[in-house]
Amino acid sequence: MSRARCTFHVRGLDCEHEVALLRAALKDAPGIEGLGFDLINGLMTVDYDDQRVDPARLAGQVTARSGLETVPVGAPEAEAPPPWWSRRGLQASTAASGLALAAGMLLHYFGAKAGLSDGAAERASTASCALAIAAGGVWLFPRAWRSLRGLRLDIDVLMTLAIFGAVALGQWDEAATVAFLFGVSESLEALSVARARRAIRRLLEVAPPTAERIVAAGVETIAVDRIDGGDRILVRSGDQIPIDGVILKGRSGVDQKAITGESTPVERGPGDPVYAGTVNGEGTIEIEASGPIGEALISRIVDQVRAAQAGRAPVERRISQFARWYTPLVVVIALLTALLPPAYAWAAGGPVWATFLAWFAKALVVLVIACPCALVIATPVAVVSGLAAAARRGVLIKGGEFLEAVGRLRALAFDKTGTLTLGRPDVVEVFASGQGDQADVLRIAAALGDRGGHVLGKAIARHARDLRIDVPRADDYTAIPGKGAQGRIDAVEYHLGSHRYIDEAGLCRPEFHAEMGEAEGRPGTEVAVTAATGPLGWIRLADRPRPEAAAVVAELHALGLRTVMLTGDNPRAAAAMARELGVGDQRSELLPADKVLAIDEYTAAHGPTGMVGDGVNDAPALAAARVSIALGGVSSGAALETADVVLMADDLRQLPWLVRHGRATLRMIHQNIALAIGVKAVVLVLALFGIANMWMAILADVGTTLLVVANALRLLRAGDPATR
Ligand SMILES: Nc1ncnc2c1ncn2[C@@H]1O[C@H](COP(=O)(O)OP(=O)(O)OP(=O)(O)O)[C@@H](O)[C@H]1O
Ligand SMILES: [Zn+2]
């Protein structure tokens, strides 16, 4: 058996109770292994055994059982515009219900004045109300019936009960009002979620729809999705670049804000990469497309954001668990409201029936607040807006849980090389111990450095080439992570690595030890070069801190976060760098496993700790952190794959924004939950005291949903790169 996953569009999926319908529809379907729901985008993800399940047939089954139209994403039906009835039907029937209700009211109050006999006016009014109930109930009653048959007591059943309860009491106008207002609340809810959906989607639509392709006859305009790798595309000054590619001709400043959030344009010329969605500056350029739009960086970002939005944040999971017992609880309260007072009246010898009627009406009002929609939508709409806003700013967050986690961080650990520093060390001094000259030291170090991926080794190799030193080939190369490397050149064994490494390997000599120890006081990092017989010399390299690092560290401190630098470098170099940048704490001479321990220690001592790295050689520490943050997503595929959060720009300045944004999102979630619960509590109390009527209850319920959605959409504004 093999597991497969399919995503379905479900029309009308925007609240917890549709989720319950879908779960029920799939409950005893064989071969289903997992379900995921994305309320904002109206998507359901199904993990299934592909030998037992066919997605298209499954969709048909779900549609039949839940009454919610379900089609696999990508199927032709999913792309076709939905039929009028499923787009506008709810609004239309609600409007019809409203008209009939108004007519019923008019007949009731003014029928007699208009010349109708009392009986005729009343009969006409009742008929009008019945019409209003029917129109308002076309959507509601079938769903309620389905739930009842499945023995589920959900909001549809409750509303239907409330309506027929009122009819049973002869209160036709009341029943019609409930049916109408229920339609109003459903349509408003659908509209507000649809609005959120559109706003979020628009935020991610940055690539233009067409491009100008250069062909033999000149230039033709084609749809972007028809571009292939190798096509030559003309991008005029001021236009958006339609596809990822490499510049063939022309130079220009390219505004990469759409991807990296950086507003200063970067200079680009022949041979440089450019990305779809970025904006060409003053020059006209010709580019060679590197592949179809689906493979472009922006498409990968959008896919990531979609996937992230479909996942659920922990708060969201807790709320939907809460919703599962919230509705039954309210039903019990409503039942008690309807039954206790008459029971009391019966025991005390009071008027049982009259008491029942009075309290039954209150119980119906209580039932209205049983709908947990506002509460259920409160979190995902905030999380999804938060994710979209971040993506717009060049911060790619792989899931709501990470956005939430960022908001809870107490400390941030930084890798040194490539993260706090530019990661482009230069050789500044070469020392030869006398067994050979400086060129020998460089030649051997370069040969070993060439074979590995370590920045220091690569920098040495580059330096040797710049000096036109002939670099031989090293064989049997082995890297010892965090320490150094060894290999053979012309069958002779050599080592390259930290001072500690050669000490531990017994390759150091007392005189050399003293000399190298002295050099370690100077800025930079020394790498020792030895043969199996003893040290040959050392090479000192200096890496510059990132220009923005000190300011970012200071800003993080102002936000109340602790900072710590983790490095494999020697203690003196580490201390000097930490002091220069104002980093709160530093740990040096760490092996990759020690970095993991340091993260664990920090988490235990100070609370959730994030790790910032370049995603290249710090994978274990990144994995150990509560949230891993990598920078340079545009240039490095590794960063894009490994981390929970990716700063697309190769720049630390988005970090403080990210922390503030995570906190703002958390605050928004809490606000929304408090708002949703608060309004319900108030209505509950008012209902029990007989102050709130059905109208107020339903309006308060819809109002809250609209409010939490509107509130959360404010987070989208944080995505505007212009705001700091
Ligand atoms: N492949 C290698 N080639 C040369 N030297 C190495 C190599 N691997 C490790 N070293 C030595 O060991 C030290 C620690 O290496 P490690 O890769 O753990 O950290 P780093 O590159 O100094 O910085 P950071 O830990 O901040 O990324 C380096 O400073 C270097 O002296
Ligand atoms: Zn030594």
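Scoring rules and cut-offs
- Residues numbered from 1 in each chain as written.
- Chains lettered and ligands numbered in written order.
- Predicted model: local features only at pLDDT ≥ 70, side-chain atom pairs only at ≥ 80, totals over all residues.
- Heavy atoms only, no water.
- UniProt positions renumbered as here; feature names shortened; annotations may be inferred.
- Helix = DSSP H or I, 4+ residues; strand = E, 2+ residues; numbered from the N terminus.
- Contact = heavy atoms within 4.5 Å.
- Axes fitted to C-alpha atoms, helices over the stretch in contact; angles between N-to-C directions.
- Parallel < 35°, antiparallel > 145°, perpendicular 65-115°, else oblique.
- Nonpolar A, V, L, I, M, F, W, Y, C, P; charged D, E, K, R; others polar.
- Expected span 1.5 Å × (residues − 1).
- Left-handed = near helix turned anticlockwise from the far one by under 90°.

Under an unreviewed UniProt entry, the name given to the protein is P-type Zn(2+) transporter, and the organism recorded is Paludisphaera mucosa. According to the UniProt record, the Catalytic activity (unreviewed entry) comment for the protein reads "Zn(2+)(in) + ATP + H2O = Zn(2+)(out) + ADP + phosphate + H(+)".

Trainee: Residues and numbers for the side chain of S385, please.
Mentor: Looking at the element boundaries, S385 is found in helix α12 (residues 373–392). When near neighbours in sequence (up to four residues on either side) are disregarded, S385 contacts I200, A712, L713, L715 and L716.

Trainee: Any chance you could break down the UniProt feature "transmembrane region" (unreviewed entry) in the protein for me, citing the residues and the numbers?
Mentor: Using the residue numbers shown here, the UniProt feature "transmembrane region" (unreviewed entry) corresponds to residues 325–347, 359–388, 673–692 and 698–716. When the span residues 673–692 is considered, its composition is 80% helix and 0% strand, and the gap between its end C-alpha atoms is 22 Å.

Trainee: Kindly report on the packing of helix α13 (residues 400–408) against helix α24 (residues 654–688), identifying the contributing residues and their values.
Mentor: Closest axis-to-axis distance for the α13/α24 pair is 7 Å, and the angle between their directions is 105°. By the criterion of interaxial angle, the relationship of α13 to α24 is roughly perpendicular. In this structure, α13 contributes L403, E404, V406, G407 and R408 to the contact, and α24 contributes L658, V659, H661, G662, R663, T665 and L666. Class assignment of the residues belonging to the contact of α13 with α24 gives a composition of five nonpolar, four polar and three charged.

Trainee: Which residues make up helix α16 (residues 455–466), and what are the values?
Mentor: Here α16 contains twelve residues, and its C-alpha end-to-end distance of 16 Å stays within 8% of the 16 Å for a straight helix at 1.5 Å per residue. Those residues of α16 that are buried are in contact with β16 (426–432), α15 (438–451), β19 (492–497), β20 (525–531) and β21 (534–542). Positive phi shows up at R468, right after α16, with a value of about 60°.

Trainee: Any details on the packing of helix α6 (residues 155–168) against helix α11 (residues 352–368)? Residues and values, ideally.
Mentor: The description of two packed helices rests on the angle between their axes and on the distance between the axes. The N-to-C vectors of α6 and α11 enclose an angle of 155°; their axes lie 10 Å apart at closest approach. Taken as axis vectors, α6 and α11 run roughly antiparallel relative to one another. Here α6 and α11 pass one another in a crossing that is left-handed. Across from I155, L158, M159, A162 and G165 in α6, the residues of α11 making contact are F360, L364, L367 and V368. Residues of the contact of α6 with α11, tallied by class, amount to eight nonpolar, one polar and no charged.

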